[in-house]
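# Notes for the structure review
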Amino acid sequence: MKKVGLAFLAIYLFLAAAFFIEVKPAKTEAKTYRVGVLTLMRHPALDQIYRGYKDELKKSGMKIKIDFLNANNDQSNLKTMSEKLVNSSDQVLFGITTPSSQALANATKTKPIVLGAVTDPQGAGLVKSTTHPGKNITGVSDQAPIKQQLKLVKRFVPKLKKLGIIYTSSDSSAVAGYKQIVKDCQQMGISYQAYSISNSNDLNQVSQQMLTKVDAVIVPTDNTIAGAMRTLVKNANAAKKPVFPAAGSMVKDGGVATYGVDQYELGQIGAKMTIQILKGKKPGNMAIRYVTHGTPYLNLKEVKKLGLKVPASFLAEAKKKGEIYK
């Protein structure tokens, strides 16, 4: 009997000890989110947007997998790839450029879409208004500070008689930028002549023709020309005419100077909006975001090559707040 009693006592003590032992809960796996990214093509400005987007998503601490597709400037690819992303398990889609965003919008009316670098979202037919987009779309605009850019052109070329504007007629963002340049030129009393291209194959011939008739060139936000800047810069340098593009990356590729929108910052803003949507916010209730200040960009190598004088105040500003390429 004693042995049985001792056995029961041992079992009792074991169960009592087990009751008081702290049981650690099993670690729960962090939820994995998926986002799809569609870009029209690869060039430095668009690459900066994607880099800013990726970095900001990573900073959020959320576990996010990115499905990235590049259409290589092919409209048929845009349609196929947008449908692929819409039919995937991606919860939010990010369109880099207007054509990419339009392709995504045509493919779905329900899955959330964040616009990345769409100059005129309302004019492109993507949203009802910039303050209340409605439905499944919101995002960020890369609208450039054009008046600021035109004033800069006049500071670099004080004897400017005629300004050349070149843009891609098949790119709605470029067309929107061209129209704004024309409007601001008229308000500021700047004489201009506009030239359009259908694709990058036209750029060599059209730019050569333009450069015989103008004193300087301005380029709006234009992905086709950004991807072929070397052609434009080669011809402009041969004619000893400066090019003032919309984006800082285009200044790096041979433009003289600009007040441009920070492309990396555009990507960051797009990522922050994506995170808000993943957390439950409705895109249709989120106003289109804008970068409200232009960042100064300067290419000193081009300045020297063309024999230009840099306005002292702009040089100081670029050193303090912007980018200088040497």
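Everything that follows concerns the structure shown earlier in this document.
A brief report on the enclosed structure follows.

Calculation notes
- Residues numbered from 1 in each chain as written.
- Predicted model: local features only at pLDDT ≥ 70, side-chain atom pairs only at ≥ 80, totals over all residues.
- Heavy atoms only, no water.
- Helix = DSSP H or I, 4+ residues; strand = E, 2+ residues; numbered from the N terminus.
- Rg over C-alpha atoms; globule rule 2.2 N^0.38 Å.
- Buried < 20%, exposed > 50% of the residue type's maximum accessible area, 1.4 Å probe, protein only.
- Contact = heavy atoms within 4.5 Å.
- Areas by Shrake-Rupley, 256 points an atom, 1.4 Å probe, with all protein chains shown as cover.
- Expected span 1.5 Å × (residues − 1).
- Arc of directions from axis to C-beta.
- Pairing = 2+ DSSP bridges.
- Right-handed = clockwise from strand over helix to strand, strands pointing away.
- Salt bridge = Lys/Arg side-chain N within 4 Å of Asp/Glu carboxyl O.
- Polar contact = N/O pair within 3.5 Å; in protein donor to acceptor, adjacent residues only side chain to side chain.

### Here we look at the overall build of the chain
Helix and strand counts for the chain come out as 13 helices and 13 strands. On C-alpha atoms alone, the chain measures out to a radius of gyration of 27 Å, which is more than a quarter above the 20 Å that the 2.2 N^0.38 rule sets for 326 residues. With respect to the principal axes defined by its C-alpha atoms, the chain has extents near 115 × 40 × 35 Å. Looking at the chain as a whole, 52% of its 326 residues are labelled buried. Across the chain, the fraction of contacts at a sequence separation of at least 24, relative to all contacts at a separation of at least 6, is 73%. Here the chain has roughly 16,600 Å² of accessible surface; of this, 52% comes from carbon and sulfur atoms.

### Points about helix α2 (residues 44-59)
Because an α-helix completes one turn every 3.6 residues, residues spaced three or four positions apart along the sequence face the same direction. With 16 residues, α2 should cover 22 Å at 1.5 Å per step; its first-to-last C-alpha distance of 22 Å lies within 8% of that length. Regarding α2, the residues found buried are A45, L46, I49, Y50, G52, Y53, E56 and L57. Seen end-on, α2 carries its buried residues on one side only, within an arc spanning 155°. Among the exposed residues of α2, those oriented more than 90 degrees off its buried face are K58 and K59. Contacts made by the buried residues of α2 are with β1 (32-39), β2 (63-70), β3 (92-96), α8 (223-227), α10 (248-252) and α11 (263-278).

### Notes on the pairing of β1
Counting buried positions along β1 gives 6 out of 8 residues, so the element sits mostly inside the fold. Judged from the 8 bridges that link them, β1 and β2 form a sheet pairing that is parallel. Paired with R34 across the two strands is K65, which belongs to β2. The handedness of the β1 to β2 crossover, carried by α2, is right-handed. Of the strand pairs in this sheet, β1 and β3 are connected by 5 bridges, and their pairing is parallel. Its bridge partner lying in β3, V35 is registered against V92.

### Digging into the sheet that holds β1
One open sheet accounts for 6 strands, arranged β2-β1-β3-β4-β5-β11; its pairing is parallel. Both edges of this open sheet fall to β2 and β11 (289-290), since each of them pairs with a single strand only. Of the strand pairs in this sheet, strand β5 (residues 137-141) and β11 are connected by 2 bridges, and their pairing is parallel. Bridge pairing links V140 to R289 in β11.

### With respect to the pattern of salt bridges
Throughout the structure, instances matching the rule amount to 6 salt bridges. We note a salt bridge from D90 to R34, for which the minimum N-O separation is 3.7 Å. Here D90, found in the loop between α3 (75-86) and β3, pairs with R34, found in strand β1; they are 56 residues apart in sequence, far enough to count as distant. R34 gets classed as partly exposed once you look at its relative accessible area, which sits at 25%. Measuring nitrogen to oxygen at the nearest pair gives 2.9 Å for the salt bridge that ties K79 to E83. With K79 and E83 both in helix α3 and 4 residues apart, the pair spans about one turn of that helix. Since its relative accessible area comes to 52%, K79 is described here as exposed. Linked by salt bridges that have partners in common, R34, D67 and D90 make up one network.

### Topic: the side chain of T108
Along the chain, the position of T108 falls in the loop between α4 (98-107) and β4 (113-116). At 3.1 Å, the side chain of T108 forms a polar contact with the backbone nitrogen of T110. Beyond its immediate stretch of four places on either side in the chain, T108 contacts V86, L93, I113 and N136.

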